[in-house]
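Understanding the architecture of this molecule
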Amino acid sequence: MPVTTLLCLVIAISDGDTLTARCGQAGAYRPLKVRIAAIDAPESKQAFGLRSKQNLARLCFKQQATLQPLQKDDYGRTVANVRCSGQDVAAAQVRAGLAWVYTPYAKQHPQLQPLQQRAQAQHVGLWSQKRPQAPWTYRHRQHPR
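Within any chain, residue numbers begin from 1 and follow the written order of that chain's sequence. Given that the model is predicted, a residue must reach a pLDDT of at least 70 before its local features are reported, and side-chain atom pairs must reach 80 or more before they are shown or counted; all residues, however, enter totals for whole chains, interfaces and linings. Excluded from the side-chain calculations are hydrogens and water; all other atoms, namely the structure's heavy atoms, are used.

Focus on the overall build of the protein
Of the regular secondary structure elements, the protein holds four helices and eight strands. The helix and strand labels rest on DSSP assignments: H or I over at least four residues marks a helix, E over at least two residues marks a strand, and numbering proceeds from the N terminus. Listing the helices and strands of the protein from first to last along the sequence gives β-β-β-β-α-β-β-β-α-β-α-α. C-alpha atoms define the radius of gyration in this analysis, and the globule rule sets the expected value at 2.2 Å times the number of residues to the power 0.38. Over its C-alpha trace the protein gives a radius of gyration of 15 Å, about what one expects of a compact globule, namely 15 Å for 145 residues. C-alpha atoms of the protein, sized along the principal axes, occupy 50 × 35 × 25 Å. Each of the 145 residues in the protein was classed as buried or not, and the buried ones make up 43%. Contact criterion: two residues are considered in contact whenever any of their non-hydrogen atoms come within 4.5 Å of each other. Taking all contacts inside the protein whose residues are at least 6 apart in sequence as the whole, residues at least 24 apart take part in 60%. Of the roughly 8,400 Å² of accessible surface on the protein, 51% is carried by carbon and sulfur atoms. The charge count includes Lys and Arg as positive and Asp and Glu as negative, but it does not include His or the ends of the chains. By convention, the point assigned to a charge is CZ for Arg, NZ for Lys, CD for Glu and CG for Asp. Measuring between centres, the 20 positive side-chain charges of the protein sit 5 Å from its 7 negative side-chain charges. Residue burial is assigned from relative accessible area. The probe radius is 1.4 Å, only protein chains are included, and a residue is buried under 20% of its type maximum, exposed over 50%, and partly exposed in between. For the area figures, the Shrake-Rupley method with a 1.4 Å probe applies, and any residue is considered shielded solely by the protein chains shown.

Let's talk about unusual backbone geometry
Located in the positive-phi region is K62, a residue other than glycine, with phi close to 60°. In this structure, K62 sits in the loop between α1 (49–60) and β5 (64–72). Classification of K62 by relative accessible area gives exposed; the value is 62%.

Digging into the layout of surface pockets
Here the term cavity refers to a set of points on a 1 Å grid, laid over the protein atoms alone, in which a 1.4 Å probe fits but cannot get out; the term pocket refers to an open set having protein on both sides within 12 Å along at least five of seven lines, with lining residues being those that place an atom within 4 Å of a point. Grid points are joined across faces, edges and corners, and a volume is the space filled by probe spheres set on the points. The space that makes up the largest pocket amounts to roughly 880 Å³. Together, 32 residues line the largest pocket, and R35, Y75, R77, Y102 and R139 are the ones closest to its centre. Contributing elements (two or more residues each) for the lining of the largest pocket: β3 (30–36), β4 (39–40), β5, β6 (78–84) and α4 (135–142). The biggest single contributor to the lining of the largest pocket is α4, with five residues. Of the residues belonging to the lining of the largest pocket, the class tally is eleven nonpolar, nine polar and twelve charged. Here the nonpolar group is Ala, Val, Leu, Ile, Met, Phe, Trp, Tyr, Cys and Pro; Asp, Glu, Lys and Arg are the charged ones; every other residue, Gly included, is treated as polar.

A closer look at the state of the cysteines
Note on terminology: pairs of cysteine sulfur atoms within 2.5 Å are recorded as disulfides. Enumeration over the complete set of coordinates arrives at two disulfides. One disulfide in the model links C8 with C23; its S-S distance is 2.1 Å. Between C8 and C23, the disulfide has an S-S torsion of 105° and is therefore right-handed. Taken as a pair, C8 in strand β1 (residues 6–15) and C23 in strand β2 (residues 18–23) lie far apart in primary sequence, 15 residues in all. Note on cysteine connectivity: C60 is disulfide-linked to C84, with sulfurs 2.1 Å apart. Across the disulfide from C60 to C84, rotation about the S-S bond amounts to roughly 105°, and the bridge is consequently right-handed. In this pair, C60 sits in helix α1 while C84 sits in strand β6, placing the two residues 24 residues apart along the sequence. Overall, C60 belongs to the buried group, its relative accessible area being 0%. Here the protein pairs its bonded cysteines, counted in sequence order, in the arrangement 1-2, 3-4.

So this is what it looks like as structure tokens:
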């Protein structure tokens, strides 16, 4: 997929790593479900799930967002690099200790790992727990295949 940049308005926040944006020309808007690239936030029912969602809302809700779509995920969502008010949202969520770096995509986003290590060392956000459970482990336990 060629790197295009979409200018959108964030109209909904699903959780700490998924939002809905309204993109396109006036009169021809289409809602786009977007999964923020390279991070995985706690699920809604997990510890820090709500706080992660609230932080993403604070960063992006009703804000203009710049999206760089990368691919579609298994759920049909657009996986994209997202900036709200000029801020890299993935980096902001990881820095706040409200998302994990999603390892399969970490290589394309080398700036994230040091932010996560700093959040861990400072026990920020979900790293304040003794044994934080990664969202992928949580999902697997909820829906074992």
